[in-house]
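An overview of the molecular structure
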Amino acid sequence: MNDCVFCKIVAGQIPSAKVHEDELTLAFMDIGAVNPGHVLVAVKPHVENIFGLDDKLAAAAFQTAARVARAVQKAYSPEGVTLYQANGAAAGQTVYHFHLHLVPRYEKDGMDLAWPVKNPPREQLQANAAKLRAALE
Ligand code: 5GP
Ligand code: ZN
């Protein structure tokens, strides 16, 4: 945790361009912005990924995301906004401190996420739902 870059940003040990701060979250500009107005919303405590969020932190993260999304829309009037949130290297996570991206989007802006649709049969969807309902119990 000591060498976590987002913990250092939260602690003010390295600089960031802050957008919003409250008790549980910090929103700041992404240093590798895809488009102008690309903001990261991080939780303040060091939580690696979504699996470590309690309900309060999860709610706070999304509340800040929604607030900042409205500001992005007002300030930049993008054609769209993508929320992107990665958990684990296979999912594209590179900083292991929970955060989500708000990316202002434009037609043909080059951002791409391959989405290889499989269209499984209805029975498979029902089986998958049952498996997850059991996991929620
Ligand atoms: P991830 O791939 O984990 O979803 O996203 C991590 C993001 O953090 C990347 O988009 C990257 O540009 C951003 N990032 C990494 N280091 C820093 C930093 O020191 N400052 C800021 N503002 N953003 C960073
Ligand atoms: Zn951290």
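It should be emphasised that the depicted structure is a prediction, and the values quoted were computed from it without experimental measurement.

The next thing to look at is the coordination of the zinc ion (ligand 2). Note on the zinc ion (ligand 2): its protein donors are Cys 4 (SG), Cys 7 (SG), His 46 (ND1) and His 97 (ND1). The metal-donor distances range over 2.0 to 2.3 Å. The site at the zinc ion (ligand 2) holds four donor atoms, and with the angles between them running 104 to 118°, its shape is tetrahedral. For the zinc ion (ligand 2), all donor residues lie on one chain, and their spacing in sequence is C-x2-C-x38-H-x50-H. Separated by 90 residues along the polypeptide, Cys 7 in helix H1 (residues 5–10) and His 97 in the loop between strand S4 (80–84) and strand S5 (99–105) bring together distant segments of the chain. With respect to burial, Cys 7 and His 97 carry one shared label: buried.

The next subject is the packing of aromatic side chains. As enumerated under the stated definition, the model contains one aromatic pair in all. Ring centres of Phe 6 and Phe 28 lie 5.3 Å apart, and the angle between their planes is 85°; this geometry places the pair in the edge-to-face category. Of this pair, Phe 6 sits in helix H1 while Phe 28 sits in strand S2 (residues 25–29); the two residues are 22 residues apart in sequence, bridging distant segments of the chain. The exposure class of Phe 28 is buried, given its relative accessible area of 3%.

Now for the site of ligand 1. The local shell around ligand 1 holds 16 residues, among which Met 29, Asp 30, Thr 94, His 99 and His 101 are the closest. Contact between ligand 1 and Met 29: a nitrogen atom at 2.9 Å from a main-chain N or O atom of the residue. Residue His 101 places a side-chain N or O atom 2.8 Å away from an oxygen atom belonging to ligand 1. When ligand 1 sits alone it has 520 Å² of accessible area, and the protein chains cover 80% of it. Every element with two or more residues in the shell around ligand 1 is listed here: H1, S2 and S5. The residue makeup of the shell around ligand 1, split by class, is nine nonpolar, six polar and one charged.

Within the largest apolar cluster, 17 residues are counted, with the highest numbers of intra-cluster contacts made by Val 39, Val 43, Leu 53, Leu 57, Val 68, Phe 98 and Leu 102. Listing elements by their share of this core, those giving two or more residues are strand S3 (39–43), helix H2 (55–76) and S5. With seven residues, H2 is the largest single contributor of residues to this core. The residues touching Val 68, leaving out its near neighbours within four places in the chain, are Val 19, His 20, Ala 27, Val 39 and Leu 102. If you look at the next biggest cluster of nonpolar residues, it comprises nine residues, including Phe 6, Phe 28, Leu 40 and Ala 42.

Turning next to a nonpolar patch on the surface. On the surface, a nonpolar cluster with roughly 260 Å² of combined accessible area is contributed by Phe 62, Val 81 and Leu 83. Here Phe 62 shows up in helix H2. Residue Phe 62 is classed as exposed on the basis of its relative accessible area of 51%.

Basis of the calculations
- Residues numbered from 1 in each chain as written.
- Chains lettered and ligands numbered in written order.
- Predicted model: local features only at pLDDT ≥ 70, side-chain atom pairs only at ≥ 80, totals over all residues.
- Heavy atoms only, no water.
- Donors = N, O, S within 2.8 Å, 3.2 Å for Na, K, Ca; no water.
- Tetrahedral: all angles 85-135°; square planar, octahedral: opposite > 155°, others 65-115°.
- Helix = DSSP H or I, 4+ residues; strand = E, 2+ residues; numbered from the N terminus.
- Buried < 20%, exposed > 50% of the residue type's maximum accessible area, 1.4 Å probe, protein only.
- Phe/Tyr/Trp six-rings, centres within 6.5 Å; stacked < 30°, edge-to-face > 60°.
- Near = heavy atom within 4 Å.
- Polar contact = N/O pair within 3.5 Å; in protein donor to acceptor, adjacent residues only side chain to side chain.
- Areas by Shrake-Rupley, 256 points an atom, 1.4 Å probe, with all protein chains shown as cover.
- Nonpolar A, V, L, I, M, F, W, Y, C, P; charged D, E, K, R; others polar.
- Core = buried A, V, L, I, M, F, W, Y, C linked by side-chain atoms within 4.5 Å.
- Contact = heavy atoms within 4.5 Å.
- Patch = residues over 30% accessible without salt bridge, like charges linked within 9 Å, V, L, I, M, F, W, Y side chains within 5 Å.
- Salt bridge = Lys/Arg side-chain N within 4 Å of Asp/Glu carboxyl O.

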